[in-house]
Amino acid sequence: YCLKTNFIANTSQKQRTLCTLYKQSATAFASRAMRQTQQILSFDPMVEHGSGRPLLRGKVLRNIHPGEARAFRESLDWVVDCGITEVGSVLYAKFQQARFSALAALVYPYATSEQLVWLSKFVVFLFAYDDVNDDREQLVQNPTLDGELEMLEESLMSIARGSRPRGAEQPLARAFADFMAEFQRYASDDWLACFADDVEDYLLANRMERKVHVSDNVMKPADYIPCRRSLSACRAGFDVGAALLGIDCAKIRSSEIARVMATLGNDHFSWLNDLFGIDRDLKQGTASNLIICLAAHTTHDLHHALDMTVNMLNETCTTFFELEHSEHVRADPDVRLYSQIVRSSIVGTLSWYYRSERYNAAHAKQH
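Now for a quick tour of the structure. Keep in mind that what you see is a predicted model, and the values were worked out from it rather than measured.

**Digging into the layout of surface pockets**
In this model, the second largest pocket occupies a volume close to 300 Å³. As for the second largest pocket, its lining consists of 15 residues, and the residues nearest its centre are Asp198, Arg235, Arg259, Ala262 and Tyr338. Going through the elements one at a time, α11 (189-213), α13 (234-244), α14 (249-253) and α15 (256-276) are the ones with two or more residues in the lining of the second largest pocket. For the lining of the second largest pocket, the element with the most residues is α15, which contributes five residues. Looking at the lining of the second largest pocket residue by residue, the class counts come to seven nonpolar, two polar and six charged.

**Some remarks on the environment of histidine 49**
Tracing the sequence through the fold places histidine 49 in the loop between α3 (26-35) and α4 (68-81). In contact with histidine 49, other than residues within four places in its own chain, are Phe43, Asp44, Pro54 and Leu55.

**Some points on the packing of aromatic side chains**
Considering all chains together, one arrives at 25 aromatic pairs under this definition. When the centroid spacing of 4.5 Å and the interplanar angle of 25° are considered together, the rings of phenylalanine 100 and phenylalanine 127 count as stacked. One end of the pair, phenylalanine 100, is in helix α6 (residues 100-107); the other, phenylalanine 127, is in helix α7 (residues 113-133), and 27 residues separate them in sequence. With a centroid separation of 4.4 Å and 15° between ring planes, the pair formed by phenylalanine 122 and phenylalanine 179 is classed as stacked. Of this pair, phenylalanine 122 sits in helix α7 while phenylalanine 179 sits in helix α10 (residues 171-183), and the two are 57 residues apart along the sequence. Both residues of the pair, phenylalanine 122 and phenylalanine 179, count as buried. Clustering of aromatic rings is evident, with ring pairs tying together Trp118, Phe122, Phe125, Tyr129, Phe176, Phe179, Phe183, Tyr186, Phe195 and Tyr202. Lying across the ring of phenylalanine 72, arginine 99 places its NZ or CZ 3.7 Å from the centre.

**Overview of helix α12 (residues 221-231)**
Of all eleven residues in α12, eight are buried; the element is thus mostly enclosed. Taken together, the buried positions of α12 are occupied by Pro221, Tyr224, Ile225, Cys227, Arg228, Arg229, Ser230 and Leu231. Positive phi appears at alanine 233, one or two residues downstream of α12, with a value of about 65°.

**What about the pattern of salt bridges?**
Opposite charge on two side chains permits pairing when their charged atoms draw close. Under the counting rule described, the total for this entry stands at 25 salt bridges. A salt bridge links arginine 174 to glutamate 169; the shortest N-O distance between them is 3.7 Å. Here the salt bridges do not stand alone but share partners, grouping Asp146, Glu150, Glu153, Glu154, Arg207, Arg210 and Lys211 into one network.

**Examining the packing of α6 against helix α20 (residues 333-353)**
Their axes nearest at 8 Å, the elements α6 and α20 cross at an angle of 150°. Taken together, the axis directions place α6 and α20 in an arrangement best described as roughly antiparallel. Considering only the axes of α6 and α20, their crossing is right-handed. Seen from α6, the contacting residues are Phe100, Ala102, Leu103, Leu106 and Val107; seen from α20, they are Ser344, Ser345, Gly348, Thr349, Ser351 and Trp352. In terms of residue class, the contact of α6 with α20 is built from six nonpolar, five polar and no charged.

What counts, and at which threshold
- Residues numbered from 1 in each chain as written.
- Predicted model: local features only at pLDDT ≥ 70, side-chain atom pairs only at ≥ 80, totals over all residues.
- Heavy atoms only, no water.
- 1 Å grid on protein atoms, 1.4 Å probe; cavity = no way out; pocket = protein on both sides within 12 Å on 5 of 7 lines; lining within 4 Å.
- Points joined across faces, edges and corners; volume = space filled by probe spheres on them.
- Helix = DSSP H or I, 4+ residues; strand = E, 2+ residues; numbered from the N terminus.
- Nonpolar A, V, L, I, M, F, W, Y, C, P; charged D, E, K, R; others polar.
- Contact = heavy atoms within 4.5 Å.
- Phe/Tyr/Trp six-rings, centres within 6.5 Å; stacked < 30°, edge-to-face > 60°.
- Buried < 20%, exposed > 50% of the residue type's maximum accessible area, 1.4 Å probe, protein only.
- Lys NZ or Arg CZ within 6 Å of the ring centre and 35° of its normal.
- Salt bridge = Lys/Arg side-chain N within 4 Å of Asp/Glu carboxyl O.
- Axes fitted to C-alpha atoms, helices over the stretch in contact; angles between N-to-C directions.
- Parallel < 35°, antiparallel > 145°, perpendicular 65-115°, else oblique.
- Left-handed = near helix turned anticlockwise from the far one by under 90°.

So this is what it looks like as structure tokens:
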């Protein structure tokens, strides 16, 4: 699969020809791309939108967890109680529009209504932290912000490992500590340790990404793709689902097939976010997006890079569903159950983009 991905991203004859024709540097291209005002994703990628352009394959779920409305209300109350935002603020309105509870409900359909409440809180926490990291303007203008975020990350890593460090009263740290208190009720010691490792990987990757945000560098696709897997927090998200379902942690950690499925699910989540978030990222001036990386180093055209990303997403889904139905997966009950966690992420995440207004997607009203 990794060889397929690298082949699609780097060795297409069409892209090699374009690289010969366009001699501009990746940095210069990205700078121009950030200044363009034309919307790149101005259409529904799942509906015919141009001769020869690929369609994003998948199914948009119409039904949702019956506990989602409760989770929506309680997670909004929670962000206020934790001090992350306040009622009536711009950030509070963004949380309302994003409907992170719907993402949790679609990705974790097997959760109880009570579990869905704290799962929604976890999703809100991740996006709140991610938005602070992705605020390039604030990172450039505020020279102390990076240091403050590093202190926060040290607190979060300690909380993930079960301690309550100094600085844990910071709103995001308090929010994460509240989530951990609930998660510890359901997770085995093995899953708690695995989750802590994956959270640390996620936080350190975001620390590195901030350095990229304030520089003029655009990562090559071959570098961006593995980095993006850490930035997504998918590994930690899969840990949570596996812990809820009582899957044997040791079996999953020793299973090569489970790791491949997790990588496929991670790539799908990450690239889908880059697809639907491309115009948001361009507006914010961040080059941390697969489409921008492909355009800067391979296609020299954002529209071609978008089509390339759609093809990569489709290939990822095809590979996962083929693997899911293989005898190797069906033979082991824990691996088979783990495949359902990844499947729920692939199907649920796509469906969320057609419910949420976070990315101002006009196509959301069409499904």
